[in-house]
Amino acid sequence: MARIVVLGAGVSGHTAATFAKHWLGDKHEVVVVSPNSKWNWIPSNIWVGVGEMSPEDVVFELAPVYKKAGIDFKQAKAVSIHPEGKEGSDRPFVTVEYTDPNKKGETEEVEYDYLINATGPKLNFAATPGLGPDEGNSLSVCTYLHAAEANTHFQNAIERMKKGEKVKFLIGTGHGMCTCQGAAFEYIFNIEHELREAGVRDKAEIKWISNEQFLGDFGVAGLHIKWGGHIVSSKVLAESLFAERGVDWITGAHVKEVQKGKLQYELLDGTEGEETFDFAMLIPPFSGVGLKAYDKAGNDITDKVFMPNGFMKVDADYTPKPFEEWKASDWPKYYQNPDYANMFAVGIAFAPPHPISKPAKSVNGTPITPAPPRTGMPSGIIGKTVARTVCDVIEGKYSLEEVKEKGHHASMAEMGAACVASTGKSIWNGSAVALTVYPVVPDYDRFPGTGRDPEYTFGEIGLAGHWIKHILHYMFMWKAQLKPGWTLIPE
Amino acid sequence: MADYKDIQKNITPYDDKTYGTMIPGPFQRFLRTCKIWQFIRFIIINLKMLAVVSKSHH
């Protein structure tokens, strides 16, 4: 009997674990280690953050779902990986520390035959002084609890505006190296929509601040779509939406510090500025969760297994090179660790070879570049693909050494992504930007100029997008709870 | 949604932001919430997204 241990139960880890168990049945063991007791459909946190959904609408308890599936669930956080085992045993293992209230603080060594690291990101609020709900100076929608807190402040702001007060909203990214611009984009337009619905739009000043070099970069170097008979960049699409809804913007900004009611930033041209706000929702930068790695003798090999940003090394080309020399082939296909073949990293946990957006530094040398997004559809596809490969190895179809010849692959340079960014939640007058991008990482050799296939890269704004976003919420909550037909719902 | 003419007031000549943007006209804005047209787009967008999904699994 083989044992697969999956670290993390987000989109990628949950997908990998549930499909692996579905394919392997009771002949083999699947263990999930996650510090959270609940699964969260993160895209809908945006609606929690404006009061259109409750936190309970976007989460469910993992334990009963895993019990039904026959997956061993440990509510614990992974602390260290020991891929060579320890003195007296060659069996690799992970040290975990329980967060389960019944075993809180207890540690355990969980042995594995195959490890899928899907730990996701650490929300690195500490990278910017004063950033985040813990410091109390800005809000977040990255977790359902953060989103619920943001909504409390949002409802208070609406009450103040109804009494005649003016309120300034500042939404965007809280550091020069942030990713997930799309979440902030969704949030700002849902804020704008809700303020109109509440009849207080005229009392609000809404402003965007982001590390993107141009509006609509989204961390994927922007995209080009067919629109009104033209090939149009996402810059035009985004600026059009901002101008239409009366939202001002600052781009190319690294937020240096957030204080109560104001923040300081630096721009690409080196100028510095200050923005005041009554309500700020700023996405933090991400880093790895801080897992350590040790060899058999107990020596620290964290640098061998992980990149300096804490994400796990996989089969990518990490050779530093300038933007002009980046290739689609730099991106990993199999997500297999180069030193330990039975270790894989999926979703946000794998280390990307470089950003997707063109790197930029301010004239003072401050890096201001969106980090590459790896959430949502790519995370699900990568999780499922790696699970399929591991199951094939367990079933003897090929060996771990043959994964790069015979394994299933899911390079972000060969994969598309569908993204639906809500711009107002209402069945009859809501809207969303429905986008697809193919491939996620532009391949300028295959598609000169735009880097992407114009037939499969498109976008439009409308009510249909909102319907799709709404349906996706229920569809993925259904799928993640392993309800009848869940395997038929695509990632 | 703000009136179309109000939105035009957001444009400032020689401004490097708003002067370079496209503002959707009344018909485009009507189409965005027209239930019949949006139902058609709903079908088309779903088919396109399924095509992208199918090209992404190897």
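A closer look at the overall build of chain B
At step 1: Check the secondary structure of chain B and you find 3 helices and 0 strands.
At step 2: For chain B, the α and β elements follow one another from N to C terminus as α-α-α.
At step 3: Radius of gyration (C-alpha) of chain B: 17 Å, far over the 10 Å computed for a compact globule of 58 residues.
At step 4: Taken along its principal axes, the extent of the C-alpha atoms in chain B is 50 × 30 × 15 Å.
At step 5: Here chain B, with 58 residues, has 31% of them falling under the buried criterion.
At step 6: Surface accessibility of chain B: about 3,900 Å² in total, with carbon and sulfur atoms responsible for 65%.
At step 7: Of the charged side chains in chain B, 9 are positive and 4 negative; the average position of the first set lies 15 Å away from that of the second.

A few points about the pattern of salt bridges
Opposite charge on two side chains lets them pair, provided their charged atoms get close.
Residue and element names in this part refer to chain A.
At step 1: Overall, the coordinates contain 35 salt bridges over all chains when judged by the stated rule.
At step 2: In this structure, the salt-bridge partner of Lys74 is Glu108, at a minimum N-O distance of 3.3 Å. Separated by 34 residues along the polypeptide, Lys74 in strand 5 (residues 72-82) and Glu108 in strand 7 (residues 107-111) bring together distant segments of the chain.
At step 3: Residue Lys74 is classed as buried on the basis of its relative accessible area, which comes to 11%.
At step 4: On the accessibility criterion, Glu108 (27% relative accessible area) is partly exposed.
At step 5: Lys479 is the partner of Glu491 in a salt bridge, and the nearest nitrogen-oxygen pair spans 2.8 Å. In this pair, Glu491 is assigned in the segment after helix 10 (463-480) and Lys479 in helix 10, connecting sequence segments 12 residues apart.
At step 6: Residue Glu491 is classed as buried on the basis of its relative accessible area, which comes to 8%.
At step 7: Beyond isolated ion pairs, a larger network of salt bridges with shared partners links Lys168, Lys207, Asp248 and Glu275.

As for the side chain of Asn40(A)
All names here are of chain A.
At step 1: Looking at where Asn40 falls in the secondary structure, it is placed in strand 3 (residues 38-40).
At step 2: Since its relative accessible area comes to 13%, Asn40 is described here as buried.
At step 3: One polar contact links Asn40 to Asn45, side chain to side chain, over a distance of 3.0 Å.
At step 4: A distance of 3.2 Å separates a polar atom in the side chain of Asn40 from the backbone oxygen of Val58.

Description of helix 3 (residues 35-54) of chain B
At step 1: Taking 1.5 Å of rise per residue, 20 residues should cover 28 Å, and helix 3 of chain B covers 28 Å from first to last C-alpha, within 8% of that figure.
At step 2: On its buried face, helix 3 of chain B sits against helix 8 (377-394), strand 22 (417-422), strand 23 (432-437), strand 24 (458-462) and helix 10 of chain A together with helix 2 (26-33) of chain B.

What to know about the packing of aromatic side chains
Residues and elements named next belong to chain A.
At step 1: Inspection of the entire model under this criterion finds 23 aromatic pairs over all chains.
At step 2: Taking the centre distance of 4.8 Å and the plane angle of 20° together, the rings of Trp41 and Phe476 count as stacked. One end of the pair, Trp41, is in the loop between strand 3 and helix 2 (45-48); the other, Phe476, is in helix 10, and 435 residues separate them in sequence. Of the two residues, Trp41 and Phe476, both sit in the buried class.
At step 3: Sitting over the face of the ring of Phe93, Lys86 holds its NZ or CZ atom 5.5 Å from the ring centroid.
At step 4: One cation-aromatic arrangement involves Arg374 over Phe311; the distance from NZ or CZ to the ring centre is 4.8 Å.

Overview of the confidence of the model for chain B
All names here are of chain B.
At step 1: On average, residues of chain B score 84 in pLDDT, and 93% of them are at 70 or above.
At step 2: At the level of individual helices and strands, chain B shows its lowest average pLDDT in helix 1 (residues 4-8), which scores 73, and its highest in helix 3, which scores 93.
At step 3: If you check the scores for this complex, the pTM reads 0.94 and the ipTM reads 0.89.

Things to note about the sheet that holds strand 10 (residues 167-173) of chain A
Residue and element names in this part refer to chain A.
At step 1: Spatially, the 4 strands line up as an open sheet ordered 14-11-10-18, and their pairing is parallel. Edge positions in the open sheet fall to strand 14 (248-250) and strand 18 (279-283), since each of these has one partner strand only. Averaged over neighbouring strand pairs, the angle between their axes works out to 15° when direction is ignored.
At step 2: Looking at chain direction, strand 10 and strand 18 are connected through 5 bridges and run parallel. The residue of strand 18 that forms the bridge with Leu170 is Ala280.

Some thoughts on the nonpolar core
All names here are of chain A.
At step 1: By size, the foremost hydrophobic cluster in this structure holds 139 residues, and its most contacted members are Ile4, Phe169, Tyr187, Leu195 and Met412.
At step 2: Per-element tally for this core: the top contributor is helix 8, with 9 residues.
At step 3: Beyond its immediate chain neighbours, meaning those up to four positions away, Ile4 contacts Ala20, Leu24, Glu29, Val30, Val31, Tyr114, Ile116, Val390 and Ile394.
At step 4: In terms of nonpolar packing, the next biggest core, distinct from the first, is built from 14 residues, Leu170, Ala253, Val255 and Ala280 among them.

Some details on the interface of chain A and chain B
At step 1: Contact residues are listed per partner, giving 43 residues for chain A and 30 residues for chain B.
At step 2: Both sides together, the interface formed by chain A and chain B hides about 3,300 Å², and carbon and sulfur atoms give 67% of it.
At step 3: Our enumeration of links across chain A and chain B arrives at 3 salt bridges.
At step 4: Put simply, chain A and chain B have 9 residue pairs in polar contact (both at pLDDT 80 or more) between them.
At step 5: A breakdown of the residues in the side of chain A that touches chain B according to their chemical character gives 25 nonpolar, 9 polar and 9 charged.

Some details on the packing of helix 4 (residues 144-162) of chain A against helix 5 (residues 181-197) of chain A
What describes two packed helices is the angle between their axes and the distance between those same axes.
All names here are of chain A.
At step 1: The contact between helix 4 and helix 5 brings their axes to 12 Å, and the two run at 35°. Both helix 4 and helix 5 take part in a crossing whose hand is right-handed. Every residue of helix 5 that contacts helix 4 at Ala150, Phe154, Ile158 and Met161 is listed here: Tyr187, Ile191, Glu194 and Leu195.
At step 2: Looking at side-chain class alone, the contact of helix 4 with helix 5 contains 7 nonpolar, no polar and 1 charged residues.

Section: the pairing of strand 2 (residues 29-34) of chain A
Residue and element names in this part refer to chain A.
At step 1: The buried fraction of strand 2 is high, at 5 of 6 residues.
At step 2: One ladder, built from 5 bridges, connects strand 1 (residues 3-7) with strand 2; its direction is parallel. Paired with Val6 across the strands is Val32, a residue of strand 2.
At step 3: In this fold, strand 1 hands off to helix 1 (residues 11-24), which returns the chain to strand 2; that crossover is right-handed.
At step 4: Here 4 bridges tie strand 2 to strand 5, and the two strands are oriented parallel to one another. Looking across to strand 5, one finds that Ser34 is bridged to Gln75.

Conventions used here
- Within each chain, residue numbers correspond to sequence positions counted from 1 in written order.
- Going through the entries in the order they are written, you letter the chains from A and number the ligands from 1.
- Local features in a predicted model are, by the rule used here, given only for residues with pLDDT of at least 70; side-chain atom pairs are given and counted only at 80 or more, and totals for whole chains, interfaces and linings are based on all residues.
- The side-chain numbers reported here are obtained from all heavy atoms of the structure, hydrogens and water having been left aside.
- Numbering of helices and strands runs from the N terminus; a helix is a DSSP stretch of H or I covering at least four residues, while a strand is a stretch of E covering at least two.
- Computation of the radius of gyration draws on C-alpha atoms alone. For the globule rule, the value is 2.2 Å times the number of residues to the power 0.38.
- Each residue's exposure class comes from its accessible area (1.4 Å probe, protein chains only) as a fraction of the maximum for that residue type: buried when under 20%, exposed when over 50%, partly exposed otherwise.
- Note on areas: these come from Shrake-Rupley sampling with a 1.4 Å probe, and a residue is covered only by the protein chains present in the view.
- Positive charge is attributed to Lys and Arg, negative charge to Asp and Glu, and no charge count is given to His or to the chain ends.
- The atom standing in for a charge is NZ when the residue is Lys, CZ when it is Arg, CG when it is Asp and CD when it is Glu.
- Salt bridges are defined by distance alone: a side-chain nitrogen of Lys or Arg within 4 Å of a carboxyl oxygen of Asp or Glu.
- Any N or O atom pair separated by 3.5 Å or less is treated as a polar contact, with the protein-specific requirement of one donor-capable and one acceptor-capable atom, and with residues adjacent in sequence counted only for side-chain atom pairs.
- One less than the number of residues in a helix, times 1.5 Å, gives the span that helix is expected to have.
- Residue contacts are defined here by distance: any two heavy atoms, one from each residue, within 4.5 Å place the two residues in contact.
- Two aromatic rings, drawn from Phe, Tyr or Trp (for Trp, its six-membered ring), form a pair once their centres lie within 6.5 Å of each other, and the interplanar angle then sorts them: stacked below 30 degrees, edge-to-face above 60, tilted otherwise.
- Remark: a charge is flagged as sitting over a ring if the NZ atom of Lys or the CZ atom of Arg is within 6 Å of the ring centre and within 35 degrees of the ring normal.
- The pLDDT value tells you how sure the predictor is about a given residue, anywhere from 0 up to 100.
- Pairing between strands is defined by DSSP: at least two bridges between them are needed.
- As a rule, the C-alpha atoms of each element are fitted with a line to give its axis, helices using only the stretch in contact, and angles between N-to-C directions run from 0 to 180 degrees.
- Definition used in this section: a nonpolar core is a set of buried Ala, Val, Leu, Ile, Met, Phe, Trp, Tyr and Cys residues joined via side-chain atoms within 4.5 Å.
- Throughout, buried area stands for the accessible area (probe radius 1.4 Å) lost by two parts on being put together, summed over both.
- Three classes are used: nonpolar for Ala, Val, Leu, Ile, Met, Phe, Trp, Tyr, Cys and Pro, charged for Asp, Glu, Lys and Arg, and polar for all others, with Gly counted as polar.
- Less than a right angle of anticlockwise turn of the near helix away from the far helix marks a crossing as left-handed, whereas a clockwise turn marks it as right-handed.
- Orienting the strands away from the viewer, one traces the path from the first strand over the helix to the second; a clockwise path indicates a right-handed crossover.

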